[in-house]
Amino acid sequence: PDVSSPTTSSNPSTAPLPPGMILGPDGKPCKICTAFRHWKPPKDSSKSRKQTQSASVGATSAVMSALAFGQNVAQTPVEVDTRPDNCPPDVEVLGRATWTFLHTTAAYYPEKPTPTQRANMLMLLKSLPVLYPCSHCASHLGENMKTSPPDVSSRYGLSRWLCLQHNEVNERLGKKKFDCAIEKLDERWKDGPSD
Ligand code: FAD
């Protein structure tokens, strides 16, 4: 796919875009580059009615589970995912799944990889800027890889490199950075907490 930068401000054909909506390289709203929470369905469509219904069911079960765990319902944030189970991924679901795959694969990568293992890992990582469906995500990664090429020399090197790449995205999205010490990475992606 074309990995040109995203657009959020100019919409060649119609009214201004809702905040957070990303246009793809073809100038149309890009489904896989945009979080579904930024898509606003038409107010009076039957689809919208269905969403409202399932949202209220979800909200009810969130409140029930808060009560079951002895939480103060008034203070319980009710963030309801109204998506049906068979909904395709958005940029967040795809991102979470991809990071899970990459960090976990790094956590189990050999301390001393063979030349074949290194070559395959390099191929996998270099494929991302070409194949990753979120075009602006792919584009940023490709640019970063030019100045910071993947370290496939060892389990530690790869885990750390991925952590730094993920932190670059975290920073761009205004999220907290992760501690890239190998103990923290292993705890998160391989061993779990010690207790
Ligand atoms: P995620 O960021 O998906 O993280 C999942 C878990 O990983 C966290 O819960 C945490 O436990 C752990 N973690 C967090 N940081 C690190 C780290 N540095 N090292 C190790 N573990 C960590 N979204 C965009 O909106 N714009 C982009 O340009 C964009 N680029 C992306 C590029 C790539 C290559 C990928 C894979 C994803 C990209 N995303 C992008 C998606 C984005 O990074 C998140 O996946 C998405 O916003 C969901 O975030 P989250 O808060 O659920 O946790």
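These remarks concern the structure in this document. As the structure is a prediction and not an experimental result, all values here were calculated from the model.

## Some words on the overall build of the chain
(1) Moving on: Check the secondary structure of the chain and you find six helices and zero strands.
(2) Moving on: Along the chain direction, N to C, the helices and strands of the chain fall in the order α-α-α-α-α-α.
(3) Moving on: A total of 195 residues make up the chain; the buried ones form 13% of that total.

## Description of the site of the ligand
(1) Moving on: By nearness alone, 21 residues border the ligand, and G95, C137, C163, H166 and F178 come closest of all.
(2) Moving on: For the shell around the ligand, the secondary structure elements donating two or more residues are helix 2 (91–107), helix 4 (135–147), helix 5 (155–172) and helix 6 (182–191).
(3) Moving on: The greatest single-element share of the shell around the ligand, amounting to seven residues, is contributed by helix 2.
(4) Moving on: Grouping the constituent residues of the shell around the ligand by class yields 10 nonpolar, eight polar and three charged.

## Topic: the nonpolar core
(1) Moving on: A106, M121, L125, V152, L158, W161, L162, C163, L185 and W189 form the largest nonpolar core, which has 10 residues in total.
(2) Moving on: Mapped by element, the contributors of at least two residues to this core are helix 3 (115–131), helix 5 and helix 6.
(3) Moving on: Among the elements that take part in this core, helix 5 stands out by supplying four residues, more than any other.
(4) Moving on: Grouped together as the second largest cluster of nonpolar side chains are nine residues, L23, V91, Y132 and C134 included.

## Looking at the environment of E171
(1) Moving on: Inspection of the secondary structure puts E171 in helix 5.
(2) Moving on: We classify E171 as exposed; it has 11 C-beta atoms within 10 Å.
(3) Moving on: Sequence-wise, E171 and C30 are 141 residues apart; in three dimensions their C-alpha atoms are separated by 22 Å.

## A word on the packing of helix 2 against helix 6
(1) Moving on: The interhelical angle for the contact between helix 2 and helix 6, taken along N-to-C directions, is 105°, at an axis separation of 9 Å. Classified by the angle between their axes, helix 2 and helix 6 sit roughly perpendicular to one another. Counted together, H103, T104 and A107 of helix 2 and L185, D186, W189 and K190 of helix 6 form the full contact between these two elements.
(2) Moving on: Here the contact of helix 2 with helix 6 is composed, by residue class, of three nonpolar, two polar and two charged.

Reading the values: rules and limits
- Residues numbered from 1 in each chain as written.
- Predicted model: local features only at pLDDT ≥ 70, side-chain atom pairs only at ≥ 80, totals over all residues.
- Helix = DSSP H or I, 4+ residues; strand = E, 2+ residues; numbered from the N terminus.
- Buried ≥ 20, exposed ≤ 12 C-beta atoms within 10 Å, placed from the backbone.
- Near = placed C-beta within 6 Å.
- Nonpolar A, V, L, I, M, F, W, Y, C, P; charged D, E, K, R; others polar.
- Core = buried A, V, L, I, M, F, W, Y, C linked by C-beta atoms within 7 Å.
- Axes fitted to C-alpha atoms, helices over the stretch in contact; angles between N-to-C directions.
- Parallel < 35°, antiparallel > 145°, perpendicular 65-115°, else oblique.
- Contact = placed C-beta atoms within 7 Å.

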